[in-house]
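Tertiary structure, described
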Amino acid sequence: MRRERSRIENSRDVLIELDEKSGAMLKDTLLEMCNEIFIFCSENNLCCMLGGGSALGAVRHNGFIPWDDDLDLNMPRKDYLKFIKLFSEQKSEKYELFVPDGNHRISNLFMKISLKGTIAEDVYSAGASIKTGISIDVFPIENVPNNWLHARYKAAIANIFAFSAVSCYMFQNRNESMKRIHCSGTINTLNYIIRCIIGFSMSFKNYEYWYCKFDKWVQFCGETKKCTIPTGRKHYDKEMHACSVFFPPVKHKFEQYFFNIPHDVDKYLKTLYGNYMEIPPIEKREMHLYTKIEFLNIGKTE
């Protein structure tokens, strides 16, 4: 998860910012992982594209956003499901998949492709029993019902479900660093308290149960005119687009590679970021907050 840079000031004793060397190592690791994933998808005829800040980085910087250190991918649900099966079978020695499907370990509402032998512990995972390594997030693109009322109903329940499920996770995995980053002001503190109350009320089941329920809810079969990314930054209803916005994906330069991005990337990015070509001021730049990071056979920062 990410928060504005200004929130770090209240949490410097529990959170770290990567130095230039560690940041470069992390980006190099993620880039090689991403290239391997795209090659695998191409070989298995699966659709995959950069999403969120990674698509923004491709368009605005031809690579990583300079102050960002993650990679996000989008994948249509049917290919997402095929990828889980095939990648687990063929790449299990190097990678572990964390997926809310009841068959894998679960760390989030979406799939994480984690590099074995590494550690990347952020503010939300510091107190959790499930530990992931350096990871790439993969967000499923879901079909949206053609009926307007059905779509709005599905969106409303999905948003409530997501908020409640994550609240359950936060309550069951609460820790000092999570509390410090969330309680940096009156509004943030109130939000944290509300989440803990909701999380407590749902804790008759573990958070993995609710994550799987959410994942089942957002799926929708059949040919539809629109699709969405329920686990994206704007959630189900505000990430709805005509399918033509995503498909067919097009190639765009990202560092030394060319990766897929959404077909109408301008419309996609405007929905997420508004005037996305404008460089935000330092205090508005999003970044990851770590409590520990360890690279494969290289060393660690904590």
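Residues numbered from 1 in each chain as written. Predicted model: local features only at pLDDT ≥ 70, side-chain atom pairs only at ≥ 80, totals over all residues. Heavy atoms only, no water.

Considerations on the overall build of the protein chain
Going by this rule: Put simply, DSSP marks the helices as runs of H or I at least four residues long and the strands as runs of E at least two long, and each gets a number from the N terminus on. When we talk radius of gyration, it's over C-alpha atoms, and the globule rule is simply 2.2 Å times the number of residues to the 0.38. Contact definition: two residues touch when any of their heavy atoms are within 4.5 Å. Accessibility throughout is a Shrake-Rupley quantity obtained with a 1.4 Å probe, and a residue counts as covered only by protein chains that appear here.
For the protein chain, the helix and strand inventory stands at ten helices and 14 strands. At 19 Å, the protein chain has a C-alpha radius of gyration in line with the 19 Å of a compact globule built from 302 residues. Taking the principal axes of the C-alpha coordinates as reference, the protein chain spans close to 50 × 45 × 40 Å. Excluding contacts between residues fewer than 6 apart, the proportion of contacts in the protein chain whose partners are at least 24 apart in sequence is 70%. Working note: accessible area of the protein chain is about 14,300 Å², and carbon and sulfur atoms make up 54% of it.

Describing the environment of Gly133
Mapping Gly133 onto the fold places it in the loop between strand S6 (119–122) and strand S7 (135–144). In this structure, Gly133 is in contact with Ser114, Leu115, Thr118, Ile119 and Ala120, ignoring residues within four places of it in sequence.

Examining the packing of aromatic side chains
Condition: Stacked, tilted and edge-to-face are the three classes assigned to paired rings of Phe, Tyr and Trp, where Trp is represented by its six-membered ring and a pair needs centres within 6.5 Å; plane angles under 30 degrees give stacked, over 60 edge-to-face, the rest tilted. Burial classes follow relative accessibility: with a 1.4 Å probe on protein chains only, a residue under 20% of its type's maximum area counts as buried, one over 50% as exposed, and anything between as partly exposed.
Considering all chains together, one arrives at 19 aromatic pairs under this definition. When the ring of Phe246 is compared with that of Phe247, the centres are 6.1 Å apart and the planes differ by 45°; the resulting orientation is tilted. A residue is classified by how much of its surface remains accessible, and Phe246, at 0% relative accessible area, is buried. In this structure an aromatic cluster arises from ring pairing among Phe38, Phe64, Phe254, Tyr257 and Phe259.

Details of helix H7 (residues 207–218)
Note the following rule: Multiplying 1.5 Å by the helix residue count minus one yields the expected span of that helix.
For H7, with twelve residues, the first-to-last C-alpha span of 17 Å sits near the 16 Å given by 1.5 Å per residue. Residues of H7 that are buried: Tyr207, Trp210, Tyr211, Cys212, Phe214, Asp215 and Val218.

Things to note about the confidence of the model for the protein chain
Heads up, the rule is: Residue-level confidence of the predictor, termed pLDDT, takes values from 0 up to 100.
Confidence in the prediction for the protein chain averages 89 pLDDT; 92% of positions are at 70 or higher. Note on residues 1–13: pLDDT under 50 across the span, and 38 contacts to partners over four residues away in sequence or across chains. For the stretch residues 298–302, pLDDT sits under 50, and the model shows eleven contacts to residues farther than four places along the chain or on other chains.

A few points about the environment of Ala155
If you trace the backbone, Ala155 turns up in helix H4 (residues 148–172). A sequence separation of 83 residues divides Ala155 from Lys238, and the C-alpha atoms of the two residues are 9.1 Å apart. With residues up to four places along the chain from it excluded, the contact list for Ala155 reads Tyr236, Asp237 and Met240.

Some words on the nonpolar core
Our working definition: We define a nonpolar core as any set of buried Ala, Val, Leu, Ile, Met, Phe, Trp, Tyr and Cys residues linked to one another through side-chain atoms lying within 4.5 Å.
One finds Leu50, Leu73, Phe83, Met111 and Ile113 to be the most contacted residues of the largest nonpolar core, which totals 58 residues. The element contributing the most residues to this core is helix H1 (residues 20–43), with ten residues. The residues contacting Met111, other than those within four sequence positions of it, are Tyr80, Phe83, Ile84, Leu97, Phe98, Val99, Pro100, Ile136, Asp137 and Val138.

Some details on the pairing of strand S10 (residues 250–254)
We apply this condition: Any two strands between which DSSP finds at least two bridges are classified as paired.
Taken together, the five bridges between S10 and strand S11 (residues 257–261) define a ladder with antiparallel strand orientation. Note that in S11 the partner of His252 across the bridge is Phe259. Hairpin connection, S10 to S11: the antiparallel pair is bridged by two residues, and Glu255 has positive phi, about 55°.

Looking at the packing of H4 against H7
Heads up, the rule is: To get an axis, fit a line to the C-alpha atoms, keeping to the stretch in contact for a helix; angles then go from 0 to 180 degrees between the N-to-C directions. Each angle is binned into one of four classes, with values under 35 degrees roughly parallel, values over 145 roughly antiparallel, values of 65 to 115 roughly perpendicular, and all other values oblique. It is the rotation of the near helix from the far one that decides the hand of a crossing: anticlockwise by less than a right angle makes it left-handed, clockwise makes it right-handed. Any residue that is not Ala, Val, Leu, Ile, Met, Phe, Trp, Tyr, Cys, Pro, Asp, Glu, Lys or Arg is counted as polar, Gly included; the first ten are nonpolar and the last four charged.
The interhelical angle for the contact between H4 and H7, taken along N-to-C directions, is 165°, at an axis separation of 9 Å. Here H4 lies roughly antiparallel to H7, going by the angle between them. Where H4 crosses over H7, the two elements pack in a sense that is left-handed. In contact with Tyr153, Lys154, Ile157, Ala158, Phe161, Ala162, Ala165, Val166, Cys168, Tyr169 and Gln172 of H4, H7 contributes Tyr207, Trp210, Tyr211, Lys213, Phe214, Trp217 and Val218. Classifying every residue of the contact of H4 with H7 gives 15 nonpolar, one polar and two charged.

Here's the deal with the pattern of salt bridges
To be explicit about the condition: What makes a salt bridge here is a side-chain nitrogen of Lys or Arg within 4 Å of a carboxyl oxygen of Asp or Glu, nothing more.
For the structure on display, the rule yields ten salt bridges. Between Asp137 and Lys112 there is a salt bridge, with its nearest N and O atoms 2.6 Å apart. Placement of the pair is Asp137 in strand S7 and Lys112 in strand S5 (residues 111–115), with a sequence separation of 25 residues. In this structure Lys112 comes out as buried when scored by relative accessible area, which is 15%. Here Glu121 makes a salt bridge to Lys131, at a shortest N to O gap of 3.0 Å. Highlighted residues: Glu121 in strand S6 and Lys131 in the loop between S6 and S7, separated in sequence by ten residues. You can call Glu121 buried: its relative accessible area is 15%. Through salt bridges that share partners, Glu36, Lys91 and Lys94 make up one connected network.

Overview of unusual backbone geometry
Note on backbone geometry: most residues besides glycine have negative phi, and most peptide bonds are trans. For the bond running from Phe247 to Pro248, omega is -10°, close enough to zero to count as cis. Checked against the element boundaries, Pro248 lands in the loop between helix H9 (243–246) and S10. A positive phi angle, near 55°, is found at Asn62, a position not held by glycine. Note on placement: Asn62 falls in the loop between helix H2 (52–61) and strand S3 (72–76). For Glu255, which is not glycine, the phi torsion reads 55° and is therefore positive. As for its placement among the helices and strands, Glu255 is situated in the loop between S10 and S11.

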